[in-house]
Amino acid sequence: MGRIPQEVIDRILDRLDIVEVVSGYIQLKKTGRNFKANCPFHNEKTPSFVVSPDKQIYHCFGCGAGGNVINFVMKYESMDFPEAVEVLAARSGVDLPKYKKNTGEGSSLSAGLYEINKIAALFYQNSLRGEKGKKPFEYLKKRGIDTGTLDEFRIGYAPAGWETFRKYCEAKNIPADVLRKAGLTVPGEKGRGDYDRFRNRITFPIFNERGHIVAFGGRVMDDSLPKYINSPETAIYTKGNVLYGLNFSRKSIRETGSAVIVEGYMDVIIPFQRGITNIVAASGTALTQGQISMLRKYTNTAVMVFDADKAGESASLRGLDILVENGMDIRIATLPEGEDPDSFVRKNGKESFENIVNAAKGLFDYKLDILIERSGIRDIGGIVDEMLPTISKVGSAVIQSDYLKRLAERLGIHEASLRYEMGKVRPDYSYRYASESNVDRKSRNYRSSEIHLLGLAILGRDKFFRIQDELRLDMFRDRSVRKIIRLLGDLFNGGEKDINPGKLLSRLEKDEDAKTAVVQALAKMEITQDVDKALDDCIFCIRRENREDELKELTSRLKEAQQSNNNTEMRELLTRINMIHKEKVA
Ligand SMILES: [Zn+2]
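Keep in mind the model is a prediction, meaning the values are calculated, not measured. (Residues numbered from 1 in each chain as written. Predicted model: local features only at pLDDT ≥ 70, side-chain atom pairs only at ≥ 80, totals over all residues. Heavy atoms only, no water.)

### Section: the coordination of the zinc ion
Working step 1: For the zinc ion, the full set of protein donor atoms is Cys39 (SG), His42 (ND1), Cys60 (SG) and Cys63 (SG), and the range of their distances to it is 2.1 to 2.3 Å.
Working step 2: One way to put it: the four donor atoms around the zinc ion meet at angles of 102 to 120°, and that makes the site tetrahedral.
Working step 3: Counting gaps between the donor residues of the zinc ion yields the pattern C-x2-H-x17-C-x2-C. Placement of His42 in the loop between strand E2 (34-37) and strand E3 (49-52) and of Cys63 in the loop between strand E4 (57-60) and strand E5 (66-67) is noted, with a sequence separation of 21 residues between them.
Working step 4: Owing to a relative accessible area of 24%, His42 belongs among the partly exposed residues under this scheme.
Working step 5: Residue classification places Cys63 among the buried positions, given a relative accessible area of 14%. (Donors = N, O, S within 2.8 Å, 3.2 Å for Na, K, Ca; no water. Tetrahedral: all angles 85-135°; square planar, octahedral: opposite > 155°, others 65-115°. Helix = DSSP H or I, 4+ residues; strand = E, 2+ residues; numbered from the N terminus. Buried < 20%, exposed > 50% of the residue type's maximum accessible area, 1.4 Å probe, protein only.)

Encoded structure:
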């Protein structure tokens, strides 16, 4: 996508009220000048999500989420920037100029693949309703799928011939290589033409989170094998990065605060049709990191539904650790022998399925029960080896400690010896934890005085100019803060009198760190009573902190100079240290 001009974005922001837009998604309650709600981006019982009509921003004191109205729509709808702008432009009645698509091969190829998948889905849907679709249509009816569901999930039928779809596309002048790149056709051998990948199969479009079709799954209608075939990975489809059904269920997952994870397409479709709408399928054996990150945007609680025969497998047990590691609260539900969610819901209905989901066991208990059942209590070593890695991945030390205690009790061994064993598992865990928190923006530490000062600077031009007079740009340690101060300088010096924080955020479009800094700064202003005193304090603080930082650095260099007997350097350093001490008194 080409850049959308800033004037257009400003016009959209001018016409929209963040309170009105956000109220369309969640219920807001007025408190003083602001509006409050339970945060839609994390689970909470007391509202810490605040929308400010004056500033045209939102901020959550609980999870740190925040931004302007565009950022809200992006996050809530999982849209990218141009998509959110498009939605809001339509809503505000602003015409988006026809911005040019990127000429880069990547994006035009993707656009072409999305387009051809749409065409394919429609072709398959039409052929399901056509003459050749009678048998598959009857089959789907028999499996309990209503016509409404067929339409919603865009289920179709790929006819039996070798070239039906390819010929259809040829007649429409769709280039053969696009079909091949989309994985819809397979190149023929020895100069023979390409042929359709999906033949005589029920087709299930696989949607991405935003509801665009990225691939297809095809199922036979009898017992022939393979039962399912899937599109290969393409420029727009990576297997481990899609959760089947998430585009339909994400709203409900967010509302109910938890997700039900099943295995196949039908395991999503049938329960969904019966009203279990917070359901997704991993469509593979184990969940991937990518799938979990996607899910975590909506909830951190999930119930995994296993078939009875799958339940005891070591591989599926170990696959669950990745969820724990990612801070998911994971429980396991087991279906009776021979049932999967599809068949179970058809036979027993929604409520029985819900009962099974509600009775799900925590991962710790589930795993331990299975291990004891399988090997008996005699294989203590084996059980401990399976359990400790899981326990070590639990984020909370309190819960970990509780698990160790309970494990010791169940196995009749000393807790101390478990703790000793745990020590051997631990390094792996702490390493992973540390590397993860590095990339977590929420945990980013800004210097509090800098953030506070930033809030004051946004407040108005006289405050800003005072800061500009008192502090040099390089005295701000944080790169993002410096960037914003510089931007404010441009705006104020360019004659701007008031800064609309919502618009300021839109100028920081892709810089997440800078946006976080602005949101935190504005949140600080909410609790600032005496603005002038705060300004004095912050300036004083930043000066002092810089002096201290410099002193620290000089002292460590002094130590090095002493060790290497570098007298000239020592004298120089001492003079500078003395100067800083004098400054401090002054
Ligand atoms: Zn939150």
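### So, the domain arrangement of the chain
Working step 1: Domain boundaries in the chain define domain 1 (6-92), domain 2 (105-237), domain 3 (241-367), domain 4 (376-441) and domain 5 (448-581).
Working step 2: Taking only C-alpha atoms into account, the centre of domain 4 sits 43 Å from that of domain 5. (Domains from an automatic or database assignment.)

### As for the packing of helix H17 (residues 363-375) against helix H19 (residues 397-411)
Working step 1: Contact geometry for H17 and H19: axes closest at 12 Å, N-to-C directions at 20°. Our classification of the angle between H17 and H19 gives roughly parallel. Considering only the axes of H17 and H19, their crossing is right-handed. Contact residues: H17 offers Phe364, Asp365, Leu368, Asp369 and Ile372, while H19 offers Tyr403, Arg406, Leu407, Arg410 and Leu411.
Working step 2: Within the contact of H17 with H19, the residues separate by chemical class into six nonpolar, no polar and four charged. (Axes fitted to C-alpha atoms, helices over the stretch in contact; angles between N-to-C directions. Parallel < 35°, antiparallel > 145°, perpendicular 65-115°, else oblique. Left-handed = near helix turned anticlockwise from the far one by under 90°. Contact = heavy atoms within 4.5 Å. Nonpolar A, V, L, I, M, F, W, Y, C, P; charged D, E, K, R; others polar.)

### Considering the pattern of salt bridges
Working step 1: Taken as a whole and judged by the stated rule, the model has 39 salt bridges.
Working step 2: Notably, a salt bridge pairs Asp549 with Arg477, separated by 2.9 Å at the nearest N-O pair. Linking Asp549 in helix H26 (residues 531-563) with Arg477 in the loop between helix H22 (461-470) and helix H23 (479-493), this pair joins segments that are 72 residues apart in sequence.
Working step 3: Given a relative accessible area of 28%, Asp549 falls into the partly exposed group.
Working step 4: Look at Arg477 and you get partly exposed, because its relative accessible area is 49%.
Working step 5: With its nearest N and O atoms 4.0 Å apart, the salt bridge here joins Arg544 to Glu548. Here Arg544 pairs with Glu548, and both are found in helix H26, just four residues apart, close to one helical turn.
Working step 6: Arg544 gets classed as partly exposed once you look at its relative accessible area, which sits at 31%.
Working step 7: Glu548 sits in the partly exposed class, given a relative accessible area of 36%.
Working step 8: Connected through shared salt-bridge partners, Glu163, Arg166, Lys167 and Glu170 make up one network. (Salt bridge = Lys/Arg side-chain N within 4 Å of Asp/Glu carboxyl O.)

### Side note on H23
Working step 1: Over its 15 residues, H23 extends 21 Å from the first C-alpha to the last, a length consistent with the 21 Å expected when each residue adds 1.5 Å.
Working step 2: Three or more residues of H23 are buried, namely Ser480, Val481, Ile484, Ile485, Leu487, Leu488, Gly489, Leu491 and Phe492.
Working step 3: At its buried positions, H23 is contacted by helix H21 (448-459), H22, helix H24 (501-506) and helix H25 (512-526).
Working step 4: Its side-chain oxygen 2.8 Å from the backbone nitrogen of Ser480, Asp478 forms the N-cap of H23. (Expected span 1.5 Å × (residues − 1). Polar contact = N/O pair within 3.5 Å; in protein donor to acceptor, adjacent residues only side chain to side chain.)

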